[in-house]
Amino acid sequence: MIEVEELTKRYGRTTAVDRLSFRAEPGLVTGFLGPNGAGKSTTMRALVGLDRPDAGRARVLGVPYARLRHPLRRVGALLDADALDPGRTPRAHLHWLARSNRIPRARVDEALEWAGIAGAASRRAGGLSLGMRQRLGVAAALLGDPEVLVLDEPVNGLDPDGVRWMRELLRAKAAEGRTVLLSSHLMSEVARTADRLVVIARGRLVADTSVRELVQDGEGVLVHSPRPGDLARLLSERGAGVQPGDDGALTVTGMDVREVGEAAASAGIPLHGSAPVRTSLEEAYMRLTADAGEAVR
Amino acid sequence: MIDAVATEWIKLRTSRAAWYCLIAAAAMLPLAAAIAWTASQAWDALPPDERTGSISPLTQLAGWGMTLALGVMGALAVSREYTSGMVRTTFTALPSRGRVLAAKALVCGAVAPATALAVLVAVWWATRAVLGDRGMEGIPGPLTQEWEPIAAMAAEAAVFTLLGLGLAALTRSAVASIAALGALWYLVPMTVQFLPEPWNDRVGSVLPGGLAAQIASPGPTGGSVYGDLLPPWGAALTMALWALVPLLAAWPLLRLRDA
């Protein structure tokens with residue numbers, strides 16, 4: 001369980017996070033989406049006690065992170081694959097992490113094996129590829145078998161196999177009843193993994209929704225008619241959302257093709273064509289974050 | 001606290017930077033041995049009736065070199081975590097930041113004097129072995145006479161290590177902390193001797209590099225850039241201040257600053 005309440009964090013004159021509130025529940029993968037610089041990393045740093053919020057609070061498992069005893073055994077965080085000494089080996093890196101939270105030493109080799117980096121365990125961490133360091137970061141996050149996972153852009157630098165590995169891993173962890181918070185600036189990375197979506201832009205919450213709802217919001221009908229004005233008025237009266245396009249076509253949301261056709265027929269408005277359209281998740285996401293940009297300006 | 005100390009111990013053992021500093025400190029042994037050997041060759045080349053001369057205490061030279069190497073080790077133990085970003089991993093694993101700093105101070109503050117002591121005793125032994133029973137002045141006596149200055153120099157090594165650690169915790173920068181350390185080690189003492197009397201001796205007496213010799217000196221300190229005004233207990237107290245004040249100043253900052 002992760003609870004963020006009215007969290008505000010400023011760096012000098014810039015407000016990185018602005019009264020942000022959301023929750024991530026156990027058993028679900030919560031996607032944390034926003035463009036670069038939206039405040040995702042800041043929120044996650046505040047969540048694990050690295051940054052002090054200027055206002056509001058962030059709690060994990062009901063308490064501030066710093067209050068947890070042996071935090072690595074409760075919460076696994078991957079915030080930055082480069083947050084290690086490049087001169088140390090992956091095994092040594094996991095060894096001190098394990099010792100710091102009294103995690104059995106045997107877990108180190110298990111985690112290396114299981115993250116697919118056992119072969120590189122004795123090389124300098126600084127010489128590993130970004131994908132390998134990312135896997136090492138995941139191994140570190142899961143070292144203490146935590147019930148909460150906080151991962152900032154974990155698929156960065158992973159190859160397609162790695163991306164699939166990550167997706168299956170996170171789904172499996174959520175299925176075990178754990179809480180997973182996964183950030184990304186790309187909808188396509190999160191849509192197939194997350195159950196819930198928390199979308200932020202410029203430090204503010206713009207949507208707290210499910211993937212399904214967001215898809216439904218994007219479904220509509222594209223209609224061509226010689227009397228677009230009359231049709232738009234009619235459909236609006238019946239509760240649909242209507243957006244006129246450049247070529248006189250209308251994009252109708254909240255009705256399917258059959259309902260649009262029957263409404264037009266009952267009013268005697270001719271249709272030259274109608275077809276279902278689906279805005280992609282990516283488009284829905286772009287629209288959300290673009291609107292937030294407008295609102296702030 | 002035990003977990004934090006054990007963690008820092010593993011980190012130090014597996015840190016390349018720390019090993020380089022320890023190797024640099026240990027390199028004082030072959031350096032001192034080489035100087036002693038050169039002196040013995042020069043001595044033996046003289047006709048027996050012209051053999052006079054002295055050698056300055058090599059334990060002091062080795063101790064002086066080691067304070068810098070071990071000070072840098074202390075500075076890097078903290079600053080490398082900041083420059084690499086590892087400090088964020090450290091503070092998520094051990095959110096009690098004061099405890100992390102204290103653990104680093106304990107581990108480095110134990111490893112540094114232990115290393116210094118071992119190297120100094122080896123230098124003492126090597127000097128005596130190389131120079132043997134030549135009639136040169138300045139050949140160290142038996143350990144029963146020499147242990148006090150050696151122990152004082154090992155303590156000074158610990159002071160420089162903790163000073164480096166504290167400076168790094170304050171500045172969070174390898175460059176700034178090592179530059180400040182190097183200045184206190186060489187530049188400041190070299191400059192202070194040119195201050196007008198009596199300030200050259202007064203300031204020179206409280207600089208960290210001159211404190212061991214005021215507790216127990218291995219030989220005549222004539223020509224030293226440092227002053228000699230403090231009683232042994234005063235020098236010991238000043239050592240404690242140099243070691244602890246930067247650390248204590250960094251303590252509250254560590255909690256307030258974002259990692």
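Looking at an unreviewed UniProt entry, chain B carries the name ABC transporter permease subunit, with the source organism given as Nocardiopsis endophytica.

Looking at an unreviewed UniProt entry, one finds chain A named ATP-binding cassette domain-containing protein and attributed to Nocardiopsis endophytica. Listed in UniProt under the heading Sequence similarities (unreviewed entry), the comment for chain A reads: "Belongs to the ABC transporter superfamily."

Regarding the overall build of chain B
Along the backbone of chain B there are 11 helices and 0 strands. Written out in order from the N terminus, the α and β elements of chain B read α-α-α-α-α-α-α-α-α-α-α. Taken over the C-alpha trace, chain B has a radius of gyration of 20 Å; the compact-globule value for 259 residues is 18 Å, and the two agree within 12%. Along the first, second and third principal axes, the C-alpha set of chain B runs to 70 × 45 × 30 Å. Relative to its 259 residues, chain B shows a buried fraction of 47%. Put simply, of all contacts in chain B between residues at least 6 apart along the chain, 80% involve residues at least 24 apart.

Focus on the pairing of strand S12 (residues 250-253) of chain A
All names here are of chain A. Only one face of S12 is buried: it carries Leu-250 and Val-252, and the other face, with Thr-251 and Thr-253, is open. Across 4 bridges, the pairing between strand S10 (residues 219-224) and S12 is antiparallel. The residue of S12 that forms the bridge with Val-223 is Leu-250. Sheet topology places strand S11 (residues 241-244) next to S12; 4 bridges connect them, and they run antiparallel. Among the inter-strand pairings, Gly-241 is bridged to a residue of S12, identified as Thr-253. The hairpin turn running from S11 into S12, its antiparallel successor, is 5 residues long, and Gly-248 in that turn takes a positive phi close to 85 degrees.

Points about the interface of chain A and chain B
Counting residues at the interface gives 27 residues for chain A and 22 residues for chain B. Ranked by the residues each element gives to the side of chain A that touches chain B, the list is headed by helix H2 (residues 90-100) of chain A, at 6 residues. Tallied by class, residues from the side of chain A that touches chain B come to 14 nonpolar, 5 polar and 8 charged.

Things to note about the confidence of the model for chain A
The share of residues in chain A with pLDDT of 70 or more is 97%, and the mean pLDDT across the chain is 88. When pLDDT is averaged over each element of chain A, H2(A) comes out on top at 96 and helix H10 (residues 281-296) of chain A at the bottom at 68.

Concerning the packing of helix H4 (residues 58-84) of chain B against helix H6 (residues 97-131) of chain B
Residues and elements named next belong to chain B. Running from N to C, H4 and H6 cross one another at 160 degrees; their axes reach a closest spacing of 10 Å. Compared by their axis directions, H4 and H6 come out roughly antiparallel. The crossing of H4 and H6 is right-handed. Within the contact between the two elements, H4 uses Leu-58, Thr-59, Ala-62, Gly-63, Met-66, Leu-70, Met-73, Gly-74, Ala-77 and Val-78 and H6 uses Lys-104, Cys-108, Ala-112, Thr-115, Ala-116, Val-119, Leu-120, Val-123, Trp-124 and Thr-127. Residue composition of the contact of H4 with H6, grouped by class: 14 nonpolar, 5 polar and 1 charged.

Quick word on the packing of H2(A) against helix H1 (residues 2-13) of chain B
Closest axis-to-axis distance for the H2(A)/H1(B) pair is 8 Å, and the angle between their directions is 170 degrees. Considered as vectors, H2(A) and H1(B) are oriented roughly antiparallel to each other. Along its contact with H2(A), which presents A:His95, A:Trp96, A:Arg99 and A:Ser100, the element H1(B) presents B:Asp3, B:Ala6, B:Thr7, B:Ile10 and B:Lys11. Tallied by class, residues from the contact of H2(A) with H1(B) come to 3 nonpolar, 3 polar and 3 charged.

What counts as what
Residues numbered from 1 in each chain as written. Chains lettered and ligands numbered in written order. Predicted model: local features only at pLDDT ≥ 70, side-chain atom pairs only at ≥ 80, totals over all residues. UniProt positions renumbered as here; feature names shortened; annotations may be inferred. Helix = DSSP H or I, 4+ residues; strand = E, 2+ residues; numbered from the N terminus. Rg over C-alpha atoms; globule rule 2.2 N^0.38 Å. Buried ≥ 20, exposed ≤ 12 C-beta atoms within 10 Å, placed from the backbone. Contact = placed C-beta atoms within 7 Å. Pairing = 2+ DSSP bridges. Nonpolar A, V, L, I, M, F, W, Y, C, P; charged D, E, K, R; others polar. pLDDT = per-residue confidence, 0-100. Axes fitted to C-alpha atoms, helices over the stretch in contact; angles between N-to-C directions. Parallel < 35°, antiparallel > 145°, perpendicular 65-115°, else oblique. Left-handed = near helix turned anticlockwise from the far one by under 90°.

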